[in-house]
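Given next are the chains, with one letter for each unit.
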Amino acid sequence: MEKPLQEEKPVRIEESWYEVLRDEFEKPDFGYLKQFLIKERQAGYVIYPPGSRIFAAFDYTPFQQVKCVIVGQDPYHGPRQANGLCFSVSDGQKKPPSLINIFKELQNDLGFPIPYSGNLEKWAREGVLLLNTILTVRAGQPKSHHGHGWEEFTHAAIQALNDQREHLVFILWGREAQAKEEIIDQSRHLVLKSHHPSPYSAEKGFFGNHHFSRTNEWLQEHGIEPIDWDLSDGGSNS
């Protein structure tokens, strides 16, 4: 007997997320987004992150494993920085200022040393969905892919988590992230808000937010294993 042909996915993304977001991939808006990205590359623009990493946030943190969502803006636009996880950079890359401030707050909140690497893959595997609202960017041009369909796609992902999961934590740093607050049911989920960790705003209300400890307190109150936020690896480098 011949084996049934496997369905060919329109994108390469972790299976549970594909099932949750299947309808989004079939919408005309997503088709427009794909064509936009093709045209960008045909025009000679370098796009970050690499194609295999665009959906990394979903690939590292399957739908049922999400405990916490940190919402970022768009990927880093410098060479070899963006790895598909918001605020994260790959091993060996210099830590951007916002990420340094995140690590300072982590140290202040939970006492963990500032890690040598800015790679947040461990958090993603712990159940932290590190989701930018825009998943691609032109090299050297921040927010250059704003308004081409990513916002609607990531909105749908957050909506699915809100509707189908219970007792999640949504961490919204800055105005862009806080625009997602309206779709979150705060009778069932915890929303933590503060200023953005950018050097331009961190002193105005990011430092001292204690979002890492508050996340774990909420999870434990609801019988969920807390997140191990410790990224220390034997060295520190700010």
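Keep in mind the model is a prediction, meaning the values are calculated, not measured.

Draft legend 1. Main features of the overall build of the protein chain. Scanning the protein chain for helices and strands turns up eight helices and six strands. Taken from the N to the C terminus, the helices and strands of the protein chain come in the order α-α-β-α-β-α-α-β-β-α-β-α-β-α. Here the C-alpha atoms of the protein chain give a radius of gyration of 18 Å, agreeing with the 18 Å that 2.2 N^0.38 yields for 238 residues. With the principal axes as the frame, the protein chain shows a C-alpha extent of 55 × 40 × 40 Å. Expressed as a percentage of its 238 residues, the buried residues of the protein chain come to 52%. Taken as a whole, the protein chain presents about 11900 Å² of accessible surface, with 48% of it coming from carbon and sulfur. Distance between charge centroids for the protein chain: 6 Å, based on 25 positive and 33 negative side chains.

Draft legend 2. Looking closely at the layout of surface pockets. Reported here for the largest pocket is a volume of approximately 520 Å³. Lining the largest pocket are 28 residues, and of these D74, Y76, P96, S98 and H196 sit closest to its centre. Residues of the lining of the largest pocket, tallied by class, amount to 15 nonpolar, twelve polar and one charged. There is about 360 Å³ of room inside the second largest pocket. Along the wall of the second largest pocket there are 15 residues; nearest its centre are V11, R12, G51, I54 and F55. Looking at the lining of the second largest pocket, the element that brings in the most residues is helix α2 (residues 28-42), giving six residues. Here the lining of the second largest pocket is built from residues that sort into nine nonpolar, two polar and four charged.

Draft legend 3. The state of the cysteines, seen in detail. This structure, assessed with the given rule, holds zero disulfides. No disulfide involves C86; its nearest neighbouring cysteine sulfur is the one of C68, lying 9.6 Å away.

Draft legend 4. Focus on the pairing of strand β6 (residues 190-194). With four of five residues buried, β6 lies mostly within the body of the structure. Where strand β5 (residues 169-173) and β6 come together, five bridges link them in parallel fashion. Bridge pairing links I171 to L192 in β6.

Draft legend 5. Broad picture of α2. The first and last C-alpha atoms of α2 sit 21 Å apart over 15 residues, in line with the 21 Å expected at 1.5 Å per residue. Turning to α2, its buried residues number three or more, namely F30, L33, F36, L37 and E40. End-on view of α2: buried residues confined to an arc of 110 degrees, all on one side of the axis. Across from the buried face of α2, at angles greater than 90 degrees, the exposed residues are P28, K39 and Q42.

Draft legend 6. Here's a closer look at the packing of aromatic side chains. The full count for this structure, using the stated rule, is 21 aromatic pairs. Aromatic pair F103 and W123: ring centres 6.5 Å apart, planes at 85 degrees, arrangement edge-to-face. Remark: W123 occurs in helix α5 (residues 121-125) and F103 occurs in helix α4 (residues 97-110); sequence separation between them is 20 residues. Judged by centre distance (5.8 Å) and plane angle (70 degrees), the rings of W150 and F153 are edge-to-face. Here W150 pairs with F153, and both are found in helix α6 (residues 150-164), just three residues apart, close to one helical turn. Both residues of the pair, W150 and F153, count as buried.

Each value, and the rule that gives it
- Per chain, the residues get numbers from 1 upward, laid out in the order the sequence is written.
- Where local features are concerned, this predicted model is filtered to residues with pLDDT of at least 70; where side-chain atom pairs are given and counted, the filter is 80 or more; whole-chain, interface and lining totals use all residues.
- Water and hydrogen atoms play no part in the side-chain values, which are based on all heavy atoms of the structure.
- Helix numbers and strand numbers start at the N terminus; a helix is a DSSP run of H or I with at least 4 residues, a strand a run of E with at least 2.
- Note on method: radius of gyration uses C-alpha positions; expected globular size equals 2.2 Å times residues raised to 0.38.
- Whether a residue is buried, partly exposed or exposed follows from its accessible area with a 1.4 Å probe, protein chains only, as a fraction of its type maximum: under 20%, in between, or over 50%, in that order.
- The Shrake-Rupley method, run with a 1.4 Å probe sphere, supplies the accessible areas, and residue values consider only the shown protein chains as cover.
- Counted charges follow a simple rule, with Lys and Arg positive, Asp and Glu negative, and His plus the chain ends left uncounted.
- One atom stands in for each charge, and that atom is NZ of Lys, CZ of Arg, CG of Asp or CD of Glu.
- Buried and open spaces are told apart on a 1 Å grid over the protein atoms alone, a cavity being a set of points where a 1.4 Å probe fits but cannot get out and a pocket being an open set with protein on both sides within 12 Å along at least five of seven lines. Residues with an atom within 4 Å of a point are the lining residues.
- Grid points are joined across faces, edges and corners, and a volume is the space filled by probe spheres set on the points.
- Three categories are distinguished: nonpolar for Ala, Val, Leu, Ile, Met, Phe, Trp, Tyr, Cys and Pro, charged for Asp, Glu, Lys and Arg, and polar for the others, with Gly belonging to the last.
- The criterion for a disulfide is a pair of cysteine sulfur atoms lying within 2.5 Å.
- Strands were regarded as paired on the criterion that DSSP finds at least two bridges between them.
- The span one expects for a helix is its residue count, reduced by one, times 1.5 Å.
- Arc definition: it is the arc formed by the directions from the helix axis to the C-beta atoms.
- Two rings from Phe, Tyr or Trp (for Trp, the six-membered ring) form a pair when their centres are within 6.5 Å of each other. A pair whose planes differ by under 30 degrees is stacked, one over 60 is edge-to-face, and the rest are tilted.

In short, shape yes, function no, at least from these values alone.
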